[in-house]
Every structure is written in structure tokens, then in C-alpha cells.
Amino acid sequence: MRGQAYTLEGVLAAIVVVTATVYGLSAVDTGPFQTGAQQRTAALETRASDTLSLAAETGALHNATACYSVGTPTLNGNQTGSSTEFERMLNRTFDRQGEQYNLYFSYSDSGVRQTVLASQESDENVAERPADAAVATETVTLTDNMPARIGDCSGTGPPLSAVGGYFAPDAEPDSIVYNVVEVRLVVW
Amino acid sequence: MVANERGQLLLIGGVAIAIVVFSTILFAHSLAVTDGITTTGSADTIERSADREASVERDLGRLAAETRGDDLDEFEARYENALQNYTETHNRVVGGSGGAYLNATLNESASLGNETSQISPGEIDDPDGGPKPKEWVVAKNVTRIAVFNFTFTKGHDSGKPFNITVTGSNGNWWALEVSLNGTGSPKNKTVTIRDSAPGSDIPVCTSPNSGPDSQDLMVNLITGTCNQGSGFKTFSDVTKPPYTINVSKGQKADGTYRFAAIGTFPSTSYDSGDTEPYPVIPAVDTTYDTPSASYNRTVLVEVDDG
């Protein structure tokens, strides 16, 4: 009789605990434990990824890529020199929040992957570059007929295949494909 | 003694319950709250894959638009070649760092669209070569047109002129006519457009019908351009898809034409072999090879012809 009572008590207690746990879990947003730094990195990664995706979707990233090295020696959001839509997006998303970033372009040159720093490297971002920076990438495909952007990036110039001094060479001379550029944004 | 045993039992039970609750919380913290509960690692992988696929699909659309351009011949072969070169360069640049290798090939059978054409200059003839008058339904329920070109080499006077009419789902119509006018010799062949609005007849280009000064009139009905005139208001400005397209009095003009679209090419106008597939919306088989998985997608590529 006493054993049955204990069993009944145990079952009821288990039901109460399980119910409370399920109710509690459904009421909160669960996720892995993160330190403050990890949370900040995750948030930066989301913003960097969204910025690149949006720029690629609207064509702003294409224009910036077609401008780098012929219309402007650097691409960044500090609003000096050139001012492409992509640079304005960088300014609104990162510069105004006091965040540092570097922008890298990787492309094919004679069958080998090459990488250049497209943003301006400042004393601050050289000294304070942390190991846990957020990284986002996007690809831009360039074609032979795509016009280069010249004159602080506001005007269209000759096609990429005809312009001199462009940073990326024609990787596929026998094809309409000019090159594929991987844009890598590193933010901290 | 009995009281001690009960106390130990309660203590052990309490510890066991605490372990279960604590473990549940730890386990829950390793999960991400999504539609289907998953670990944060796999959620990130899925998100990266979606980003990668969106990026590749954008590239495929851009390549298709650039490849199609103004040169409509051999589009399939040129696009296949562009895809091959794109794949090689993409993998060289992105494959190593992104951990995903791509293979993209054109899937002609899954592509959407058909083509009809008259390549040899002569009276504008219906596809199945029926008797005069040359009148036929070119296509019905047309939702997308990639190619709509006419080249008129000569017009034939008398009676009703050559006419092609595009009727939209909103009831509005747009028409193009080729007629002869002028009093001298030779007369001029003239392309005129009109639409449902009263008094909308507008001559858009003209040229002598014969002689050394005669020029072929090359009309692009999608962009609204003629090589011997200025731009004009075209069917998409006054009607809405899906369209129905009819030709009447085909024998009243000489020339060639080419039309490629997504729609119904009725059997009353076409015999077997009178149409052939044309990838208005190309389908591309893509394969992604990643360290953890290899998967395929067949994507319909939206070509931005603008």
C-alpha cells in the first residue's frame, strides 16, 4: 500500500516536472551558450552576409567590382573619393557603428587564385585586427561585355575586355566569361 | 529505520530528477529553434548552401542574358560553352575557399519555350503551308516572349495588308501592318502600328519597295525598334500577358520571321516538326560537391532580357 503511494507520488512529481520543463522551454528562445564576444561576432556575421547579399541582388556589388582599380584605387565606406552604392551601404552598416572591416577580392589569374585588398588599410584596422572577426563572402561573375565604371565610379567606360589596368585579367579569353571574383568582407 | 530509508529514497529520487532536468536543458541549449528543430551547426550549413545557390543562380541568369544578347542563333551551344567556362573559373576561385565545387550544364529537355521561324525570304507563310489566305494563330496563352523579329523585304499592294495582331488578357490589342503607299514608282513599303485606342495609327519605318535605294525593314517587336525608323510603342506597352498572336494576309508581304516564346502553339497551325524547342527559360542542372554531401538541383534560370 505504501509502495503504491510512493509510486503514485513519483509519477505525479514526474508529470509536474516534465510539464514545467516543456512549458518553460517553449516560452524561451533556446540557443547554444555564447559569450558576449561570440554573440557580437555572430551579429556582425549576419550583418556582413546580409550586406553582401543585398548588394549582389541590387547590382551594387557588380558596379563596385567593375569600378575597383579603374575608377577608384580603394573601396570603403569612409565617403572620400569614390562613392558607389556599395560603399554607401558599407558606411551605413559598419562605418557609422565604429566597426572596422577589410574587403578582399579573389580572382583567377593564369589559372591561379589571387587575392587583393580592395579596401584601404588604416593604422587602426592593422593594429586591432582580432582573431574572431566575422567573415562573409559573395561571388561576382564578370563578363566580357560588362562596362567598367570610371570617373569616381559614376560613369560607364569601355567593356572590361577592352579596358586597360583592370585588376583582374580575362580568365577565359575564348568565352563570354571574363572572370569570377570572390568578394570577402572581414568585419570586427 | 523506516524514516531513514524513506529519506534516502527521496534524496536519490530528487538527485535523479535534477540530473534529468539539467541534462534536458543542456541538450536544448545545443539546439536551434527552427521550423524543424536542428543543431546550430547544421542550420549554418543550410544557410550557407542557400546563399551559395542564390549566388550561382544570379550568375546563371546574368550569363544567359549576356549570351543571348542580340545574337539569337545557336544560343544553346553558346550558353553551354559559357556554363563550362563559368564552372571552371568559379571552382578555381571559390571551390578551395568555399568548400563547394560546382558543375552546371544546360538541360534542354527541361527548358521552357518553343520556336517557329521562316528562314528563307518569300511570302510570309504559315508554318504548315496551308492555302491562301495565309492566316493562322501563331500562339495562345503566351506568357513570355524571347524572340519576335520580322524582316520585310517587300510589300504587296492591293486590298488588306499584312497584319499581325497581339491581343492581351486585358482585352486591348496591338497590331503591326505592312502596306504600300506613295504615288511614284517604286512605291514605299511602310510598317504601321496601331492599337485599341482610336486614331492610333503611326507609321514607324519605311523604305522603297524595290530599286537601288530599297532597304529591308528589320523590326524587333519586343524592343519596339526598326532599322529604318525610330523606336515605337510595342505590344507590351498597351496589352498584358498572356497574349494571343494572330497573323492575317501573310501573302501580302515578303520576308522572314523568328518567334520564340512560352505558350501554346496550336495544332491547327503547326504540323509535327514545325516548331522546335528554344530555351526561353533555360533549365540548368547544377551539382554541388561539398565535403559532407553532394547534391543536385535543376534550376529554371530567369533571363533578364532588359
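Remember, it's a predicted structure, so these values are computed and weren't measured experimentally.

### Remarks on the overall build of chain B
A tally of helices and strands in chain B yields four helices and 14 strands. Relative to the 2.2 N^0.38 estimate, which gives 19 Å for 306 residues, the radius of gyration of chain B is 31 Å and therefore markedly larger than a compact globule would have. Seen through its principal axes, chain B has C-alpha atoms that stretch 130 × 45 × 35 Å. In chain B, which comprises 306 residues, the share counted as buried stands at 32%.

### Some points on the overall build of chain A
Within chain A, the regular secondary structure consists of five helices and six strands. In chain A, the succession of helices and strands from N to C terminus is α-α-α-α-β-β-α-β-β-β-β. The C-alpha radius of gyration computed for chain A amounts to 26 Å, which surpasses the reference 16 Å derived for 188 residues by more than 25%, pointing to a less compact arrangement than a globule. With the principal axes as the frame, chain A shows a C-alpha extent of 95 × 40 × 30 Å. Counting across all 188 residues of chain A, residues that qualify as buried make up 36%. For chain A, restricting intrachain contacts to residue pairs at least 6 apart in sequence, the fraction spanning at least 24 positions comes to 65%.

### A look at the interface of chain B and chain A
Counting residues at the interface gives 31 residues for chain B and 31 residues for chain A. Sorting the residues of the side of chain B that touches chain A by element identifies helix H1 (2-29), strand E1 (31-32), helix H2 (40-68) and helix H3 (75-98) of chain B as the ones contributing at least two each. Looking at the side of chain B that touches chain A, the element that brings in the most residues is H3 of chain B, giving twelve residues. Taken together, the residues that form the side of chain B that touches chain A break down as eleven nonpolar, 14 polar and six charged.

### Comments concerning the domain arrangement of chain A
By convention, interface size is frequently given as the accessible area that disappears when the constituent parts associate. When cut into domains, chain A gives domain 1 (1-30) and domain 2 (37-187). The centre of domain 1 of chain A, based on its C-alpha atoms, is set 56 Å off from the matching centre of domain 2 of chain A.

### Some words on the sheet that holds strand E6 (residues 177-187) of chain A
Spatially, four strands are ordered E2-E1-E6-E3 (chain A) in an open sheet, and the strand pairing comes out antiparallel. Either end of the sheet is taken by a strand with one partner, and the two such strands are strand E2 (112-117) and strand E3 (134-143) of chain A. The mean inter-strand angle of the sheet, taken between neighbouring strand axes irrespective of direction, is 25°. Sheet topology note: the strand E1 (residues 101-109) of chain A/E2 of chain A ladder contains six bridges and is antiparallel. Bridge pairing in E2 of chain A links Tyr 107 of chain A to Gln 114 of chain A. Docked against the sheet, helix H2 (residues 36-58) of chain A engages E3 and E6 of chain A, running at close to 15° with respect to E3 of chain A. Along the sheet, H3 of chain B contacts E1, E2, E3 and E6 of chain A; its crossing angle with E6 of chain A, the most-contacted strand, is approximately 25°.

### Digging into the nonpolar core
With 59 residues, the main nonpolar core has Leu 52, Leu 61, Val 181, Val 183, Leu 185 and Val 187 of chain A together with Leu 83 of chain B as its most contacted residues. Ranked by residues supplied to this core, first place goes to E6 of chain A with eight residues. Val 181 of chain A has contacts with Thr 65, Phe 105, Ser 106, Tyr 107, Thr 139, Val 140, Leu 142 and Ala 168 of chain A, leaving out every residue within four places of it along the chain.

### As for the packing of H2 of chain A against helix H4 (residues 85-93) of chain A
Residue and element names in this part refer to chain A. Packing of H2 against H4 leaves a shortest axis separation of 11 Å and a crossing angle of 160°. If you check the angle between H2 and H4, you find them roughly antiparallel. Like other packed secondary-structure pairs, H2 and H4 cross with a definite hand, here right-handed. Taken together, the residues of H4 that come into contact with H2 (itself represented by Arg 47, Thr 51 and Ala 55) are Phe 86, Met 89 and Thr 93. The residue makeup of the contact of H2 with H4, split by class, is three nonpolar, two polar and one charged.

### Description of unusual backbone geometry
With an omega of 0°, the peptide bond between Pro 241 of chain B and Pro 242 of chain B qualifies as cis. Mapping Pro 242 of chain B onto the fold places it in the loop between helix H4 (235-238) and strand E11 (243-248). You will see that Ser 110 of chain A, though not glycine, has its phi angle at about 55°, which is positive. Residue placement: Ser 110 of chain A occurs in the loop between E1 and E2.

### Quick notes on the confidence of the model for chain B
For residues with low pLDDT, the predicted coordinates do not support detailed interpretation. Overall, the predicted model of chain B reaches an average pLDDT of 85, with 91% of residues at or above 70. At the level of chain-chain contacts, confidence expressed as ipTM amounts to 0.79, with global pTM at 0.75.

### Section: the environment of Ile 164 of chain B
Residues and elements named next belong to chain B. Within the secondary structure, Ile 164 sits in strand E5 (residues 162-167). Expressed as a C-alpha distance, the spacing of Ile 164 and Gly 211, which sit 47 residues apart in the sequence, is 26 Å. Contacts of Ile 164, omitting those with residues within four sequence positions, involve Ala 175, Leu 176, Ile 245 and Val 247.

The rules behind each value
- Residues numbered from 1 in each chain as written.
- Chains lettered and ligands numbered in written order.
- Predicted model: local features only at pLDDT ≥ 70, side-chain atom pairs only at ≥ 80, totals over all residues.
- Helix = DSSP H or I, 4+ residues; strand = E, 2+ residues; numbered from the N terminus.
- Rg over C-alpha atoms; globule rule 2.2 N^0.38 Å.
- Buried ≥ 20, exposed ≤ 12 C-beta atoms within 10 Å, placed from the backbone.
- Contact = placed C-beta atoms within 7 Å.
- Nonpolar A, V, L, I, M, F, W, Y, C, P; charged D, E, K, R; others polar.
- Domains from an automatic or database assignment.
- Pairing = 2+ DSSP bridges.
- Axes fitted to C-alpha atoms, helices over the stretch in contact; angles between N-to-C directions.
- Core = buried A, V, L, I, M, F, W, Y, C linked by C-beta atoms within 7 Å.
- Parallel < 35°, antiparallel > 145°, perpendicular 65-115°, else oblique.
- Left-handed = near helix turned anticlockwise from the far one by under 90°.
- pLDDT = per-residue confidence, 0-100.

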